[in-house]
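Coordinate analysis (summary)
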Amino acid sequence: MSIFTSMGQAEARRRADQLAASLAGMGVPCKVEPRAALAVLMVESGVAQRLADGELRRAALALAREQGFTHLAVELTAPAAGADATLPRP
Amino acid sequence: MSQTADADIDAVAELEQRAAAKEDALAEWFRARGRVAIGFSGGVDSAYLAVAARRTLGSENVLAIIGRSASYPAEQWATARRVADSFDVEVLELDTDEMNDPRYSANPANRCYFCKTELWGKLVPAAAARGFHTVVDGTNADDVGGYRPGMQAARENTVASPLAEVGFSKEEIRARSRALGLPTWQQPASPCLSSRLPYGTSVTPERLRLVERAERAVRELGISGDMRVRYHDDVARIELAPAELTTWLDPRRAEELRAAVAAAGFSRVALDLRGFRSGSLNVLHGVTTA
């Protein structure tokens, strides 16, 4: 059974915050929304692209597992009005 | 030619030989029964099973039965009809009503048991009424060890699984499907749409249509391999083959993906960072381990 089935919201929030802090430490600043054993990363424009790196992605998945999350997903957000999503921002 | 290439050719030849031997055993199995009705979805396994039965027994002794409901993707129905037409397999279509069974729509971990109970409960008598007293499904040897409560319903309704009985693996079924010219030979696995909803999230026709629209939108972007859109209320979590992740995390492609799934009706779109895994929601709920 997933640990999240028996866990309170406060504990899930704590684990999500710990995951966010760990991810920020490896260059992926984000907020983490816990949804049972799924962690949804909410990132600023351009940050999701960093997770295209396989090594970084594997490290992020390992950190998520350490906090009890079985699934990790990054939210895709619409580009801000006037932004050109095809160009990296300075 | 390199030693690696030689080894690859040897492995393919060995696979084809092994699969052909199992097809002979399957033909024997069919001949011993004389007439068979097949639970036919148009997926890799049941399509191969129907064509193999037709080749062995002739069209008058084979009936492929499709159970139609909201959880059955329209594209898969089209594939099923195309295979049946191309290989001269007779088809019967029945409507199933699992959506109105509260034990199913509540979406417990054993949801498949209630779906298959409804399916076989209609299909087996319909087959018998047409003189088909052996009913089979497409369960293969790889399926036998997993968490599949639907298999219990098959056993309770005396539905046989000849592919599993003769030891056919998915890889071998694909090899024989390719040799026979079935269009399904490299089709991704395609379980019912309800498998996209986490256990405990009630199954409704609206939610299934939302997932179906979203998956169709993703396919229209050119993604042809294993893929799922998992429903998490307002969030669509997309699982792509791991090799696709780098491409679809590129900002321009990510925006295409987000826009396509949002247009299908999800307000938020997320990309799973591990990628596709069969039975993903079983892992999410601790029913199986990663």
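Summary of the structure given here. (Residues numbered from 1 in each chain as written. Chains lettered and ligands numbered in written order. Predicted model: local features only at pLDDT ≥ 70, side-chain atom pairs only at ≥ 80, totals over all residues. Heavy atoms only, no water.)

**Some words on the nonpolar core**
A general trend in soluble globular proteins is that nonpolar side chains are found buried together. In this structure, Leu-41 and Val-74 of chain A together with Leu-271 of chain B are the most contacted members of the largest nonpolar core, which totals 69 residues. Apart from residues no more than four positions distant in its own chain, Leu-271 of chain B is found in contact with Leu-72, Ala-73, Val-74 and Leu-76 of chain A together with Ile-238, Leu-240, Leu-245, Trp-248, Leu-249 and Leu-257 of chain B. Within the second largest apolar cluster, 36 residues are counted, among which are Val-36, Ala-53, Leu-57 and Val-62 of chain B. (Core = buried A, V, L, I, M, F, W, Y, C linked by side-chain atoms within 4.5 Å. Buried < 20%, exposed > 50% of the residue type's maximum accessible area, 1.4 Å probe, protein only. Contact = heavy atoms within 4.5 Å.)

**A closer look at the environment of Ala-37 of chain B**
Residues and elements named next belong to chain B. Within the secondary structure, Ala-37 sits in strand E1 (residues 36-39). Once the C-alpha coordinates of Ala-37 and Leu-180 are considered, the two residues, 143 residues apart in sequence, prove to be 20 Å apart. Beyond its immediate stretch of four places on either side in the chain, Ala-37 contacts Leu-63, Ile-65, Ala-127, Phe-132, Thr-134, Val-135 and Val-136. (Helix = DSSP H or I, 4+ residues; strand = E, 2+ residues; numbered from the N terminus.)

**Considering the packing of helix H1 (residues 3-33) of chain B against helix H2 (residues 44-57) of chain B**
Packed helix pairs are characterised by how far apart their axes lie and by the angle those axes make with each other. All names here are of chain B. It is the contact of H1 with H2, at a shortest axis distance of 9 Å, that shows an interaxial angle of 65°. The angle between the axes of H1 and H2 places the two elements in the roughly perpendicular class. The crossing of H1 and H2 is right-handed. Each of Glu-23, Leu-26, Ala-27, Phe-30 and Arg-31 in H1 lies in contact with H2, whose residues at this interface are Tyr-48, Leu-49, Ala-52, Ala-53, Arg-55, Thr-56 and Leu-57. Of the residues assigned to the contact of H1 with H2, the class counts are 8 nonpolar, 1 polar and 3 charged. (Axes fitted to C-alpha atoms, helices over the stretch in contact; angles between N-to-C directions. Parallel < 35°, antiparallel > 145°, perpendicular 65-115°, else oblique. Left-handed = near helix turned anticlockwise from the far one by under 90°. Nonpolar A, V, L, I, M, F, W, Y, C, P; charged D, E, K, R; others polar.)

**Some words on the pairing of strand E3 (residues 71-76) of chain A**
The buried fraction of E3 of chain A is high, at 6 of 6 residues. Taking every second residue as pointing to the same face, both faces of E3 of chain A are buried, with His-71, Ala-73 and Glu-75 of chain A on one and Leu-72, Val-74 and Leu-76 of chain A on the other. For E3 of chain A and strand E7 (residues 268-272) of chain B, the ladder comprises 4 bridges, and the chain directions are antiparallel. The partner of Val-74 of chain A across the bridge, within E7 of chain B, is Leu-271 of chain B. (Pairing = 2+ DSSP bridges.)

The quantities given are spatial measurements derived from coordinates; they are silent on function.
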